[in-house]
Amino acid sequence: MIAETPEIPYYAVIFTSLRTDGDNGYGAMADEMDELAKQQPGYLGIESARNELGITISYWRSLDDIKNWKANTRHLVAQKTGRDKWYEHYKVRICKVERDYEF
């Protein structure tokens, strides 16, 4: 699904990853993080796709909202487990969206 986003500006967190083999609890935690993110102030939506390379983009109203999400206690557990168990490599990019349009 394509996320519905508000009028600009807003922010995007682009999480690009290469997974390790096996699920190892990843699917359950991903579902939990999706539900938890929806409860966070400033959360606007998410888009995600995975083949060999995974790309997840979450949308936020402000940089402070992103900072607060990153520091969420349960999200910190998911981040550590990701580094230890689920990802061979990942990269995070935070961008200010200054223009968007759609068809």
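Residues numbered from 1 in each chain as written. Predicted model: local features only at pLDDT ≥ 70, side-chain atom pairs only at ≥ 80, totals over all residues. Heavy atoms only, no water.

A.B. asks: Could you give an account of helix H1 (residues 26-38), naming the residues involved and the relevant values?
C.D. replies: Along its 13 residues, H1 runs 18 Å from first to last C-alpha, staying within 8% of the 18 Å computed at 1.5 Å per residue. If you check which residues of H1 are buried, you get Tyr26, Met29, Met33, Leu36 and Ala37. Down the axis of H1, the sector holding all buried residues measures 95°, keeping them to one side. Among the exposed residues of H1, those oriented more than 90 degrees off its buried face are Ala28 and Asp31. If you follow the buried residues of H1, they end up packed against strand S1 (10-19), strand S2 (43-50), strand S3 (53-60), helix H2 (63-70), helix H3 (73-86) and strand S4 (87-97). (Helix = DSSP H or I, 4+ residues; strand = E, 2+ residues; numbered from the N terminus. Expected span 1.5 Å × (residues − 1). Buried < 20%, exposed > 50% of the residue type's maximum accessible area, 1.4 Å probe, protein only. Arc of directions from axis to C-beta. Contact = heavy atoms within 4.5 Å.)

A.B. asks: Got a sec to walk through unusual backbone geometry? Specific residues and values, please.
C.D. replies: Across the chain, the bulk of peptide bonds are trans and the bulk of non-glycine residues have phi less than zero. Cis geometry is adopted by the peptide bond preceding Pro9, which originates at Ile8 and carries an omega value of -5°. Examined against the element boundaries, Pro9 turns out to sit in the segment before S1. Its identity as a non-glycine residue notwithstanding, Asn24 has a phi of 50°, on the positive side. You can see Asn24 is positioned in the loop between S1 and H1. Given a relative accessible area of 41%, Asn24 falls into the partly exposed group.

A.B. asks: Now, about the nonpolar core: what can you tell me, with residues and values included?
C.D. replies: Residues Met29, Met33, Trp60, Ile66, Trp69 and Trp86 are the most contacted members of the largest nonpolar core, which totals 14 residues. Here this core gets five residues from one element, more than from any other, and that element is H1. Residues contacting Trp86, with those up to four places away along its chain left out, are Leu18, Arg19, Thr20, Asp23, Asn24, Gly25, Tyr26, Met29, Ala78 and Thr81. Formed by six residues, the second largest nonpolar core is a distinct cluster that contains Ala3, Tyr10, Leu44 and Val97. (Core = buried A, V, L, I, M, F, W, Y, C linked by side-chain atoms within 4.5 Å.)

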